[in-house]
Amino acid sequence: MAGDTRAKVTGTEFAVKRAAAEVSISVAEGRVETSTVRNTDPILALAPGQTAVYRDGRAAGLEPVDLSRSLAWQQGRIVFVQTPLAEAVEELNRYRGDKLVLTDPALARRPITAVFAVDRPDDAVSALEQTLNVRARRLAGFWVLLG
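A few points on the structure. (Residues numbered from 1 in each chain as written. Predicted model: local features only at pLDDT ≥ 70, side-chain atom pairs only at ≥ 80, totals over all residues. Heavy atoms only, no water.)

Observations regarding the overall build of the protein
And step 1. For the protein, the count of helices and strands is 4 helices and 12 strands.
And step 2. In terms of overall dimensions, the protein has a C-alpha envelope of 50 × 30 × 25 Å along the principal axes.
And step 3. Counting every position in the protein, which comprises 147 residues, the buried fraction comes to 35%.
And step 4. Summarising the internal contacts of the protein: among those between residues at least 6 apart in sequence, 43% fall at separations of at least 24.
And step 5. Working note: accessible area of the protein is about 8,400 Å², and carbon and sulfur atoms make up 49% of it.
And step 6. The distance from the centre of the 19 positive side-chain charges to the centre of the 18 negative ones in the protein is 4 Å. (Helix = DSSP H or I, 4+ residues; strand = E, 2+ residues; numbered from the N terminus. Buried < 20%, exposed > 50% of the residue type's maximum accessible area, 1.4 Å probe, protein only. Contact = heavy atoms within 4.5 Å. Areas by Shrake-Rupley, 256 points an atom, 1.4 Å probe, with all protein chains shown as cover. Lys, Arg positive; Asp, Glu negative; His and termini not counted. Charge placed at Lys NZ, Arg CZ, Asp CG, Glu CD.)

Here's what the structure looks like:
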């Protein structure tokens, strides 16, 4: 279970990701049937290479998935390909004790392509500073990226 979304495992390898009001379930092997708390009958049946996306407890549909990116966390990596910086920061914050905060809306929309190690969170901050030409400041337990 993730939020209001349920995944029924039928002998498979899969990943579940919850971010704010969105839940995604990606299948690498086997089959997964998804449902919600409100609707316990299977809603979407997933095959390998598919992701089901739920927003606010409702099925938003099936999407293809790049399994090497989706499951990179199993090898201790986070992979971003043309990902808006705001989404990348949200994902990086899942692995950090302190939090990254963006203060510039234009910076939030900038796409990044990068691979970061989950066990070296400060390397991501340094890389973002260098590649995006921004400054990061540590303030009361947060990293604030300033454009």
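Some thoughts on empty space enclosed by the protein
And step 1. The final tally for this structure, using the stated rule, is 1 cavity of 30 Å³ or more.
And step 2. Reported here for the largest cavity is a volume of approximately 30 Å³.
And step 3. Forming the boundary of the largest cavity are Ile78, Leu92, Tyr95, Arg96, Phe116, Ala117, Val118, Pro121 and Ala124.
And step 4. Secondary-structure elements contributing two or more residues to the lining of the largest cavity are β10 (111-117) and α4 (121-132).
And step 5. Partitioning the lining of the largest cavity into residue classes produces 8 nonpolar, no polar and 1 charged. (1 Å grid on protein atoms, 1.4 Å probe; cavity = no way out; pocket = protein on both sides within 12 Å on 5 of 7 lines; lining within 4 Å. Points joined across faces, edges and corners; volume = space filled by probe spheres on them. Nonpolar A, V, L, I, M, F, W, Y, C, P; charged D, E, K, R; others polar.)

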